[in-house]
Amino acid sequence: MSLTSQRGPMTDGGSGAAMQSSDDEDSSSSINRLVALYSVSGLLRFYCSAIEKALEKAQAETEAESPFLTTCDECLSEVADCYVASLRAYGAMLGNHSLSSSQSEAHLAQRAITLISDERVASPGFADDALSLDSAEDDLISKQLSLSFLVSTMVDAAMTHLETLDDTSALKAAVNSASKSGLDSKEANKWKTLIDEKEEDLVKALVGTEAEIVLEECGLGAIRTGIKDMDRVYIEGMTMSSHPGLSRNEVEVAMKNFYSSLFSPPIPTFDDAIKDAQLRKIARSQTAQIVIDVYKEVFGALTSERGGYTDLSFLEHDPNQVKALLSL
């Protein structure tokens with residue numbers, strides 16, 4: 001037990017031999033040490049519980065504490081403190097671990113949560129906790145070893161590094177794994193909500209980027225840019241038809257390009273970026289809606305008095321028709 005405690009917080013430091021090992025092995029070693037500490041904590045909890053039950057059955061008349069039980073309690077407290085420090089250190093170093101490995105911070109956090117959750121289920125030391133990890137018992141060690149502490153430490157650390165939808169899926173899977181192992185439903189829902197909010201932001205950013213590409217490819221991007229340029233230098237009496245990039249011929253060419261694209265809209269499938277089918281559908285619909293909104297904006301500007309176009313025959317469809325054609 002003393003050897004375990006002397007290691008202190010588990011970080012990337014370690015011995016010189018560990019630093020010379022491969023980066024992925026170093027990250028795996030850190031996680032394995034966390035799981036080992038948790039496993040030892042579980043065994044000590046089991047021993048402490050067994051000793052207490054034995055003493056109760058013996059109904060010892062002496063009020064003196066059992067030296068064996070005292071030693072087990074002290075060891076458990078020591079290992080639990082070491083686990084907490086190591087877990088926090090690993091969370092703080094997620095960025096470093098990710099840079100030196102082939103996995104993102106979210107996937108490293110997922111692995112740690114999943115392995116420790118599985119260890120909790122397999123350990124006899126947590127059997128008495130059943131499905132309630134944060135019960136009414138106000139026990140510091142129970143809180144230190146709870147799945148609530150594990151998830152909050154790891155997910156909170158990984159949230160600041162989320163960059164892809166694959167990362168959010170990894171954290172969702174981690175929370176689900178902890179839930180199956182007994183994480184309180186309210187705690188799980190809290191983290192799922194936070195992850196969902198981050199996921200929405202990532203989808204919004206991705207859709208915005210892809211929509212810009214679609215607008216440029218279909219011709220609407222050039223017209224919208226011309227309108228914005230004109231707005232910046234607009235003076236009373238100026239017409240769009242006389243502004244560079246918005247002449248009738250230029251607008252007509254752009255519109256023909258756009259209308260021809262309606263038969264095979266260049267809306268991305270998002271197959272590579274988004275694994276969730278429902279999320280892909282939402283992203284495609286949002287992208288299409290941006291194109292619809294831009295067309296409505298352009299159509300309104302071209303047909304306004306400020307447009308200055310005497311012949312609008314190049315506008316083949318009104319916004320509602322375009323909406324019907326692009327609806328996914």
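In this text the structure is predicted, and so the values were computed from the model without any measurement.

1. Section: the overall build of the protein chain
Moving on, step 1. Each helix and strand in the protein chain was counted, giving 14 helices and 0 strands.
Moving on, step 2. Helices and strands appear in the protein chain in the N-to-C order α-α-α-α-α-α-α-α-α-α-α-α-α-α.
Moving on, step 3. Per-residue burial for the protein chain yields a buried fraction of 42% across its 328 residues.
Moving on, step 4. Of all intrachain contacts in the protein chain linking residues separated by at least 6 positions in sequence, the fraction that spans at least 24 positions is 74%.
Moving on, step 5. When the accessible surface of the protein chain is split by element, carbon and sulfur atoms take 52% of a total near 17300 Å².

2. Regarding helix 10 (residues 185–218)
Moving on, step 1. Its 34 residues give helix 10 an end-to-end C-alpha distance of 47 Å, which sits within 8% of 50 Å, the value for a rise of 1.5 Å per residue.
Moving on, step 2. Of the positions making up helix 10, those classed as buried are Glu187, Ala188, Trp191, Ile195, Glu199, Leu202, Val203, Val207, Ala211, Val214, Leu215 and Cys218.
Moving on, step 3. Capping of helix 10 at its N-terminal end is provided by Asp184; its side-chain oxygen lies 3.1 Å from the backbone amide nitrogen of Lys186.

3. Things to note about the packing of helix 12 (residues 248–261) against helix 13 (residues 277–302)
Moving on, step 1. For the pair helix 12 and helix 13, interaxial distance at closest approach is 13 Å and the crossing angle is 150°. Considered as vectors, helix 12 and helix 13 are oriented roughly antiparallel to each other. Regarding helix 12 and helix 13, the two cross each other, and that crossing is left-handed. Contacts between helix 12 and helix 13 involve Val251, Met255, Phe258 and Tyr259 from the first element and Val291, Tyr295, Val298 and Leu302 from the second.
Moving on, step 2. Grouping the amino acids of the contact of helix 12 with helix 13 by side-chain chemistry returns 8 nonpolar, no polar and no charged.

4. Regarding the packing of aromatic side chains
Moving on, step 1. Under the counting rule described, the total for this entry stands at 8 aromatic pairs.
Moving on, step 2. Both rings, one in Tyr38 and one in Phe126, keep their centres 5.0 Å apart while their planes meet at 15°; by these two values the pair is stacked. Taken together, the residues Tyr38 in helix 3 (residues 23–58) and Phe126 in the loop between helix 6 (105–122) and helix 7 (140–144) connect sequence positions 88 residues apart.
Moving on, step 3. Phe126 gets classed as buried once you look at its relative accessible area, which sits at 4%.
Moving on, step 4. In textbook terms, an aromatic cluster arises when at least three aromatic residues are bridged by ring pairs, as seen for Phe258, Tyr259, Tyr295 and Phe299.
Moving on, step 5. The residue whose ring lies beneath Arg306 is Tyr234, and the NZ or CZ to ring-centre distance is 5.1 Å.

5. So, a nonpolar patch on the surface
Moving on, step 1. The grouping of Leu43, Phe46 and Tyr47 at the surface amounts to a nonpolar patch, some 270 Å² of accessible area in total.
Moving on, step 2. Tracing the backbone shows Phe46 in helix 3.

6. Description of helix 8 (residues 147–159)
Moving on, step 1. Along its 13 residues, helix 8 runs 17 Å from first to last C-alpha, staying within 8% of the 18 Å computed at 1.5 Å per residue.
Moving on, step 2. Among the 13 residues in helix 8, 11 count as buried, and that is most of the element.
Moving on, step 3. Within helix 8, the full set of buried residues consists of Leu147, Ser148, Phe149, Leu150, Val151, Thr153, Met154, Val155, Ala157, Ala158 and Met159.
Moving on, step 4. In this fold, the buried residues of helix 8 make contact with helix 4 (67–92), helix 5 (94–99), helix 6, helix 7, helix 9 (165–180) and helix 10.

7. Brief notes about the nonpolar core
Moving on, step 1. Core analysis: the largest hydrophobic core is formed by 48 residues, its most contacted members being Tyr83, Val155 and Leu171.
Moving on, step 2. Broken down by secondary-structure element, the contributors of at least two residues to this core are helix 3, helix 4, helix 6, helix 8, helix 9 and helix 10.
Moving on, step 3. Top contributing element to this core by residue count: helix 4, with 11 residues.
Moving on, step 4. Counting 30 residues, the second largest nonpolar core, distinct from the first, contains Val214, Tyr295, Phe299 and Phe314.

8. Section: the pattern of salt bridges
Moving on, step 1. Applying the stated criterion across every chain, the model contains 11 salt bridges.
Moving on, step 2. The salt bridge partner of Lys275 is Asp166, with a shortest N-O separation of 3.1 Å. With a gap of 109 residues between them, Lys275 in the loop between helix 12 and helix 13 and Asp166 in helix 9 connect regions that are remote in the sequence.
Moving on, step 3. On the accessibility criterion, Asp166 (28% relative accessible area) is partly exposed.
Moving on, step 4. The partner of Glu252 in a salt bridge is Arg248, and the shortest N-O contact between them spans 2.8 Å. One end of the pair is Glu252 and the other is Arg248, both in helix 12 and 4 residues apart, which spans about a single turn.

9. Digging into the confidence of the model for the protein chain
Moving on, step 1. With 86% of its residues at a pLDDT of 70 or more, the protein chain shows a mean pLDDT of 86.
Moving on, step 2. Per-element confidence in the protein chain is highest for helix 8, whose mean pLDDT is 97, and lowest for helix 2 (residues 16–20), whose mean pLDDT is 40.
Moving on, step 3. Throughout residues 1–21 the model reports pLDDT below 50, and contacts reaching past four residues in sequence, or to other chains, amount to 30 contacts.
Moving on, step 4. With pLDDT under 50 throughout, residues 129–138 is counted as low confidence; its partners more than four residues away or in other chains account for 13 contacts.

Reading the values: rules and limits
Residues numbered from 1 in each chain as written. Predicted model: local features only at pLDDT ≥ 70, side-chain atom pairs only at ≥ 80, totals over all residues. Heavy atoms only, no water. Helix = DSSP H or I, 4+ residues; strand = E, 2+ residues; numbered from the N terminus. Buried < 20%, exposed > 50% of the residue type's maximum accessible area, 1.4 Å probe, protein only. Contact = heavy atoms within 4.5 Å. Areas by Shrake-Rupley, 256 points an atom, 1.4 Å probe, with all protein chains shown as cover. Expected span 1.5 Å × (residues − 1). Polar contact = N/O pair within 3.5 Å; in protein donor to acceptor, adjacent residues only side chain to side chain. Axes fitted to C-alpha atoms, helices over the stretch in contact; angles between N-to-C directions. Parallel < 35°, antiparallel > 145°, perpendicular 65-115°, else oblique. Left-handed = near helix turned anticlockwise from the far one by under 90°. Nonpolar A, V, L, I, M, F, W, Y, C, P; charged D, E, K, R; others polar. Phe/Tyr/Trp six-rings, centres within 6.5 Å; stacked < 30°, edge-to-face > 60°. Lys NZ or Arg CZ within 6 Å of the ring centre and 35° of its normal. Patch = residues over 30% accessible without salt bridge, like charges linked within 9 Å, V, L, I, M, F, W, Y side chains within 5 Å. Salt bridge = Lys/Arg side-chain N within 4 Å of Asp/Glu carboxyl O. Core = buried A, V, L, I, M, F, W, Y, C linked by side-chain atoms within 4.5 Å. pLDDT = per-residue confidence, 0-100.

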